[in-house]
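Below, each chain spelled out in residue letters.
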Amino acid sequence: MEDLKELVSPLPKSEVKKVKSLFALHKGRVVVRCKECDQLELVDDRAFHTNIGHWYALGLHPRFSPVAALKMTGQTRAEMSILTGYSAGGNNRYKVEEMRKIFYSALKTARTKEEFLSLMHPYLFADLVSGDTTYRLETGFKEKYEKREFTPDDFFKEDSQELRRLILRSGISIKDVKSRLELIDKDEEGELYRMKAKGNEEPPSPRFPFRGDREPNYLYVVCPSTGQEYLLGVPQNFTKPKDARRWTFGLEPTAEFVKEA
Amino acid sequence: MSQKVYRQGDLAFIPVTDIPKDAKAANTRVIRTGENGGVHALEEKSSAVMYEMNGVRYILSEDGVGIVHGEHKKVDLPAGKYEIRVQRELGQEGVRDVID
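Residues numbered from 1 in each chain as written. Chains lettered and ligands numbered in written order. Predicted model: local features only at pLDDT ≥ 70, side-chain atom pairs only at ≥ 80, totals over all residues. Heavy atoms only, no water.

A few words now on the nonpolar core. Residue and element names in this part refer to chain A. In this structure, Val 43, Leu 70, Leu 83, Leu 107, Phe 116 and Met 120 are the most contacted members of the largest nonpolar core, which totals 29 residues. Residue assignment for this core shows that the elements contributing at least two residues are strand S1 (29-34), helix H3 (45-57), helix H4 (66-72), helix H5 (77-83), helix H6 (96-109) and helix H7 (113-120). Among the elements that make up this core, the one with the highest residue count is H6 (five residues). Not counting chain neighbours up to four residues away, the residues in contact with Met 120 comprise Leu 83, Met 99, Ile 102, Phe 103 and Ala 106. Counting residues in hydrophobic clusters, the runner-up holds 20 residues, among them Phe 155, Phe 156, Ile 167 and Tyr 218. (Core = buried A, V, L, I, M, F, W, Y, C linked by side-chain atoms within 4.5 Å. Buried < 20%, exposed > 50% of the residue type's maximum accessible area, 1.4 Å probe, protein only. Helix = DSSP H or I, 4+ residues; strand = E, 2+ residues; numbered from the N terminus. Contact = heavy atoms within 4.5 Å.)

Taken in spatial order, the seven strands line up as S9(A)-S1(B)-S2(B)-S10(B)-S7(B)-S6(B)-S3(B) in an open sheet, and their pairing is mixed. Looking along the sheet, the strands with just one partner apiece sit at the ends: strand S9 (256-260) of chain A together with strand S3 (24-25) of chain B. Sheet contacts for helix H12 (residues 241-248) of chain A: S9 of chain A together with strand S1 (4-8) and strand S10 (80-86) of chain B; angle to S9(A), the most-contacted strand, approximately 70 degrees. (Pairing = 2+ DSSP bridges. Axes fitted to C-alpha atoms, helices over the stretch in contact; angles between N-to-C directions.)

Our next topic: the sheet that holds strand S8 (residues 229-234) of chain A. Where strands meet in a sheet, backbone hydrogen bonds hold them as pairs that are either parallel or antiparallel. Residues and elements named next belong to chain A. In spatial order, the strands read S5-S6-S7-S8; together these four strands make up an open sheet with antiparallel pairing. Of all strands in the sheet, those bounded by a partner on one side alone are strand S5 (181-187) and S8. Neighbouring strand axes in the sheet, compared pairwise and without regard to direction, differ in orientation by 25 degrees on average. Sheet analysis places strand S7 (residues 217-222) next to S8, joined by six bridges and oriented antiparallel.

With that settled, the discussion passes to the packing of H6(A) against H7(A). All names here are of chain A. Contact geometry for H6 and H7: axes closest at 8 Å, N-to-C directions at 145 degrees. Crossing handedness for the pair H6 and H7: right-handed. Along the contact surface, H6 presents Met 99, Ile 102, Phe 103, Ala 106, Leu 107 and Thr 109, while H7 presents Glu 115, Phe 116, Leu 119 and Met 120. Split by residue class, the contact of H6 with H7 holds eight nonpolar, one polar and one charged. (Left-handed = near helix turned anticlockwise from the far one by under 90°. Nonpolar A, V, L, I, M, F, W, Y, C, P; charged D, E, K, R; others polar.)

A word on helix H10 (residues 161-168) of chain A. Counting buried positions along H10(A) gives seven out of eight residues, so the element sits mostly inside the fold. Of all the residues in H10(A), the buried ones are Gln161(A), Glu162(A), Leu163(A), Arg164(A), Arg165(A), Leu166(A) and Ile167(A).

Below, the structure written as structure tokens:
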């Protein structure tokens, strides 16, 4: 919240006396300079630091409460932390800086909370029911799932193996996905692939502000007890699936799996 | 001699000579819960004890222990000491545990 601190202090010397007087009268509030209105404004301390302070950070006078707007859509506290760029979420999944940019861009563009929610719509968390499981994930993902609009690129943009399985249930197959890959080698333990070069075309970039930008090679393996297929990212230096598979568990190259399920 | 490893889904159980002295009893049977509720756990009837140090878990089993999971078949570990290792992969940002 460095940006917000800058807005609160230091204040011009000429204003200090006035500010001290205001503080005495209004405990639990802060005096903030609103750049848009070019004036000092008295704001609830808590609301400033957790909610409407974002407007002041953007140099704007608050138009609505972004937190109240997000709450209207059923976002939890943890989800709001992700959406406002404070938290990377479980597994450190989201890029905080990128999410903050998206959030601030929506605030700057929107004149009403409805417009704000419309701009944030693809990123808002929603329930997706598949089989016996309810997933909590971004609306953009849910809509693609329901419309069966996923492409193999979406598969590679997704970090979570569980969500990759959802993508495979929604219109594309592991064969479609593997068509984007080039086989390096296969053995009794799996298949090792690299992403096919596509001329000057950019590799798929993350669909949501995920962390990172490097494309790994992929190890294709099938779970012996569930039959579930996996594509796991592995370093590009491996040439044998067996070696890459041992790397995924940090094992010696000679390690032997005596029992697997 | 090569490492002999047991595996259930995204977990490997690697026999070790010793469990670190400072490891503390974890007081739970749950080894790992996936993002969507799949649980790897020590079989209920077993007397095996799980230990933890610096985020790494270990199993001490004097009579052998079954590792159970809702989707994967049971894996029986012979009596001994094991380090539990979570499968990792290379994501676009670097190495991370498999998110399953």
